[in-house]
Amino acid sequence: MGLSVKLLNDVSDGVKGKRNLITDVAGVQVGQVTVDQGDVHSGVTAILPHPGNLFRHKVPAASCVINGFGKSVGLVQIDELGTIETPILLTNTFGVGTALNALTKQMLAQNPEIGDSTSTVNPIVMECNDGDVSNIRKMAITERNITDAVADRGLTFEEGAVGAGRGMMCYDLKGGIGSSSRVVTVDSKHQYTVGSLVMTNYGYLTDFIVNGAPVGAPLAKMLAEDKKKEEKGSIITILATDAPLNARQLKRMAKRATVGINRTGGYIGNGSGEIVLAFSTANQVDHFETTEFDTVTRFNDNQIDLFFRATAAVVDEAVLSSMVHAESVVDRKGRLRLNLVDACRKLTEQHPEHTQMVTQALAQLGVVL
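If you look the chain up in an unreviewed UniProt entry, it shows as Peptidase family S58 from Lentilactobacillus sunkii.

K.L.:
Give me the lowdown on the sheet that holds strand β5 (residues 88-92), citing residues and values where you can.
P.N.:
Strands sit in the order β1-β2-β5-β6 across an open sheet of four strands; the sheet is mixed. Unpaired on one side and paired on the other, β1 (29-37) and β6 (124-128) mark the two borders of the sheet. Direction aside, neighbouring strands of the sheet carry axes that sit 15° apart on average. The sheet contact formed by β5 and β6 spans five bridges and is parallel. By the bridge assignment, I88 is partnered in β6 with I124.

K.L.:
Outline helix α7 (residues 305-325), supporting the account with residue identities and numerical values.
P.N.:
Between its first and last C-alpha atoms α7 spans 30 Å; for 21 residues at 1.5 Å apiece the expected length is 30 Å, and the two agree. Among the 21 residues of α7, 17 are classified as buried, and the element is accordingly described as predominantly covered.

K.L.:
Before we move on, can you summarise the nonpolar core with the specific residues and values?
P.N.:
Soluble globular proteins: nonpolar side chains tend toward being buried together. Within the largest apolar cluster, 55 residues are counted, with the highest numbers of intra-cluster contacts made by F208, L219 and L365. Looking at this core, the element that brings in the most residues is α7, giving 10 residues. Contact partners of L365, with chain neighbours within four places excluded, come to L3, V5, L7, V210, L320, V324 and L340. Counting 28 residues, the second largest nonpolar core, distinct from the first, contains V28, I88, L90 and F279.

Criteria and cut-off values
Residues numbered from 1 in each chain as written. Predicted model: local features only at pLDDT ≥ 70, side-chain atom pairs only at ≥ 80, totals over all residues. Heavy atoms only, no water. Pairing = 2+ DSSP bridges. Helix = DSSP H or I, 4+ residues; strand = E, 2+ residues; numbered from the N terminus. Axes fitted to C-alpha atoms, helices over the stretch in contact; angles between N-to-C directions. Expected span 1.5 Å × (residues − 1). Buried < 20%, exposed > 50% of the residue type's maximum accessible area, 1.4 Å probe, protein only. Core = buried A, V, L, I, M, F, W, Y, C linked by side-chain atoms within 4.5 Å. Contact = heavy atoms within 4.5 Å.

Following this line, the structure appears as structure tokens:
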């Protein structure tokens, strides 16, 4: 998935992975449940760093809060201990409590020792506010939705207006779930994969650009009624790699997600939540001590720019992919919220003077208008 073409301004020399999804990182799986009932347009997306017991075999991790307008759960312990020990759940803002309870119950069932003979567990739940499109006050996400999303896990998954991204808007157009990957060649003996999954719910359409082309400005003029009064959106970014990076290096990588987020025109507003979570599937950390010393292989910082570039590239593409794959959706008030392709088609019909710019921009995303 992701985009079918290589972006002309791709900042990484890495090639796309086999699926061009975060699941190109070996062991990573994704599951989703979409809740689309009446005026509710929401859902759950679950990311599993590996298919085994995450509590007993944790993965190195770090977070980066670019702008902290959000209600995520679990980041404090990740920053302190540098590990992830549960699946990562994405949902809407008012679904966080339900997701927290459901994930805790899953971990308790899988690990009878939690809270008894060993420590408690640190569930990870991240959110965006889909209340512009969905009736978030109904608090429609259920514990069954959470367990079903985790059970749905696999190597392939849909992008766009699905799962937790069902009700999300990106640059005032339909957004949602997007993903991408790059295979990074360090030398003749070492290749690693960097993958991303984003939940996009941010940006002003007037700022939206594709490879420098200001396609958002005429679209924003045409769709003036859909413009937000303030930038109160968010984007959650999940980064995965099989490279042996420690928590410090993963935090550095997570910071570079900012580059990918902003390449299409985002500026990170006052009321927007940009939060990044990065993990490595290498050097897993056993919960139960087997030795007094851990011996791990750590990647050298002198070559880490390759991973910084790959991070910017996969986040940039994942944002665009979330928009390209999203379908237009009728929101909670009965208004049609257009996706990028439908909006561009309407623009060329009503204002043909923009046809050449829009057609070229979409072609750079692998879309024929």
